[in-house]
Amino acid sequence: MTETLQSHVDETIGHDRRIEPRDWMPDGYRRTMIRQIAQHAHSEIIGMQPEGNWITRAPSLRRKAILLAKVQDEAGHGLYLYSAAETLGADRAELTELLISGRQKYSSIFNYPTLTYADVGVIGWLVDGAAICNQVPLCRSSYGPYARAMVRICKEESFHQRQGYELLLTMMRGTEAQRQMVQDATNRFWWPSLMMFGPPDDRSPNSAQSMAWGIKRHSNDELRQRFVDMSVPQAEKLGVTLPDPQLRWNDERGHYDFGPIDWDEFGAVLAGNGPCNAQRIQRRKQAHDDGAWVREAAMAHAAKAGAR
Ligand code: BYC
C-alpha cells in the first residue's frame, strides 16, 4: 500500500505537479514542509520588528505611509504561511510556542539592528532582494498551498524591493551625510544578506532531500551566486561600494567571485547570540501575551456561535 502511495508521490513530483493537503505524503516530507513554512512564517513576523522600529520616526508622511504598508504586508505574509502550515496539520498556537521558546528558527537577518533610516532602504534593496531571489523558485515548490502563497508574497516583495531602492537613490542624491548613511547601512547588511541563503551546499543537511522532493528548486550556493550577480550592477548604479575587496567578475565562470563568508558569525546568530536575538524574541513574546485576551474573546465568541 505505502509503495503505491509513494510511487504516486514520485510521479506527482516527477511530472512537476503539486502535492495537495489531502494527498498522502511521506512523513519526512510533511515534517520538512512544516519546518520550512514555519521558519518562513516566523521570519515574516519577526521581520516586522527591525523596520517597525522606524515607523514613528519616518522622515516624511510619504515615507511613513510606504513603510507602514510594507510592515503590514509582512504580517499578511506571515498569516498566509501559518495557514499553509495548518493545511499540513500543524497547530498555529504550537508553532508560536516553538518560536518564542527558541525551538524553531527564523531568518538570521532579523537579528541585526536598524541604526538609521538608510537601513530601511537597504533592507528593501538587499534583504527583500535576497528574499525574492530565494522565493521566486519556491512559487514552483511541490507543495501546492506553499507554492500558491509564494506567488502573492513575491509580488509584494518586488514592491518592497523597489521602494527600498528608490529610497536609496533619493538619499544618494542628497547630502554627503545621507550618502554616508547609505554606505554604512550597505556595509552592515551585505554579508548578513548573503547568509540568508543558508549554509554552503556541502554543509546544508536538508538541501539534497528537499531538492529531490521538489521543495527547493536550487541549492543555497546557486541562489547566493545569483543574488551577488544581480546586486553588483545595482550597487554600481547606486554609487555604493559593496564591502568585499575580493568581489570581481570572473569571465571563465560567467559570475562574480566573492570573498569568504563568516560562517562562525552565522552559527552564533543561529545559536541565539546575534546582536538582537534576545530582544526580538522578548518583543514577540510580549506581543503574544498582550494579545491573549483577544484570542480568548474570539474563542468564546466562536464557541457561543457554535452553540446557537
Ligand atoms: N537563518 O539544510 P539547510 C523574509 C537553518 S525572508 C536561520 O540549508 P534548508 C522576509 C535551516 O532552517 C527570510 N536559519 O536548510 C524578507 C536548518 O535548520 P533546521 C525567510 C537558517 O531549509 C523581507 C539549518 O540552518 N525566508 O521572511 O534546506 C522582509 C541548515 O540549513 C538560515 C525563508 O524562510 C538562515 N538564514 O534551507 C520580511 C524562505 N539558513 O531547521 C521578511 C524559505 C539556514 O534543520 N526557506 N537555516 O534546524 C528556505 O528557502 C530554506 O529553508 C533556507 C534553508 C534556504 C532558508
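Relevant structure appears above.
Residues numbered from 1 in each chain as written. Predicted model: local features only at pLDDT ≥ 70, side-chain atom pairs only at ≥ 80, totals over all residues. Heavy atoms only, no water.

Enquirer: For this particular structure, what's the right way to read helix H13 (residues 292-307)?
Expert: Residue pairs three or four apart in sequence face the same way in an α-helix, which turns once every 3.6 residues. Here H13 spans 23 Å end to end across 16 residues, near enough to the 22 Å set by a 1.5 Å rise per residue. Where burial is concerned, little of H13 is hidden: zero out of the 16 residues are buried. (Helix = DSSP H or I, 4+ residues; strand = E, 2+ residues; numbered from the N terminus. Expected span 1.5 Å × (residues − 1). Buried < 20%, exposed > 50% of the residue type's maximum accessible area, 1.4 Å probe, protein only.)

Enquirer: How should I be thinking about the packing of aromatic side chains in this particular structure?
Expert: Counted according to the given criterion, the structure contains seven aromatic pairs. Seen in terms of ring centroids, Trp-125 and Tyr-165 are 6.1 Å apart; in terms of plane orientation they differ by 55°. Their pairing is tilted. A residue pair is termed long-range when its members are at least 10 positions apart, and Trp-125 in helix H6 (residues 118-135) and Tyr-165 in helix H7 (residues 144-172) qualify at 40 residues. The pair Trp-125 / Tyr-165 is uniform in exposure class, with both members buried. When the centroid spacing of 5.2 Å and the interplanar angle of 85° are considered together, the rings of Trp-263 and Phe-266 count as edge-to-face. Of the two residues, Trp-263 and Phe-266 both sit in helix H11 (residues 263-273), three residues apart, roughly one turn of that helix. Note on Trp-263: relative accessible area 17%, which makes it buried. (Phe/Tyr/Trp six-rings, centres within 6.5 Å; stacked < 30°, edge-to-face > 60°.)

Enquirer: Could you clarify how one ought to interpret the site of the ligand in this entry?
Expert: The full set close to the ligand counts 32 residues, and Gln-39, Lys-105, Ser-204, Lys-216 and Asn-220 are the nearest of them. Gln-39 is positioned with one of its side-chain polar atoms (N or O) 2.4 Å from an oxygen atom of the ligand. The separation between a nitrogen atom of the ligand and a polar main-chain atom of Ser-108 is 2.9 Å. For the shell around the ligand, the elements supplying multiple residues, two or more each, are helix H2 (27-46), H6 and H11. The greatest single-element share of the shell around the ligand, amounting to six residues, is contributed by H2. When the residues that make up the shell around the ligand are grouped by side-chain class, the tally is 13 nonpolar, 13 polar and six charged. (Near = heavy atom within 4 Å. Polar contact = N/O pair within 3.5 Å; in protein donor to acceptor, adjacent residues only side chain to side chain. Nonpolar A, V, L, I, M, F, W, Y, C, P; charged D, E, K, R; others polar.)

Enquirer: In this structure, what is going on with a negative patch on the surface? I would like to understand it.
Expert: On the surface, a cluster of negative charge is made up of Glu-86, Asp-91, Glu-94 and Glu-97. With respect to the helices and strands, the residue Glu-86 is situated in helix H4 (residues 61-86). The exposure class assigned to Glu-86 is partly exposed, which follows from its relative accessible area of 40%. (Patch = residues over 30% accessible without salt bridge, like charges linked within 9 Å, V, L, I, M, F, W, Y side chains within 5 Å. Areas by Shrake-Rupley, 256 points an atom, 1.4 Å probe, with all protein chains shown as cover. Salt bridge = Lys/Arg side-chain N within 4 Å of Asp/Glu carboxyl O. Lys, Arg positive; Asp, Glu negative; His and termini not counted. Charge placed at Lys NZ, Arg CZ, Asp CG, Glu CD.)

Enquirer: How should I be thinking about the packing of H7 against helix H8 (residues 176-195) in this particular structure?
Expert: Angle between the axes and distance between the axes: these two values describe a pair of packed helices. The contact between H7 and H8 brings their axes to 8 Å, and the two run at 140°. Taken together, the axes of H7 and H8 lie oblique to each other. On H8, the residues that touch Leu-168, Met-171 and Met-172 of H7 are Gln-178, Arg-179, Met-181 and Val-182. Partitioned by chemical class, the residues of the contact of H7 with H8 number five nonpolar, one polar and one charged. (Axes fitted to C-alpha atoms, helices over the stretch in contact; angles between N-to-C directions. Parallel < 35°, antiparallel > 145°, perpendicular 65-115°, else oblique. Contact = heavy atoms within 4.5 Å.)

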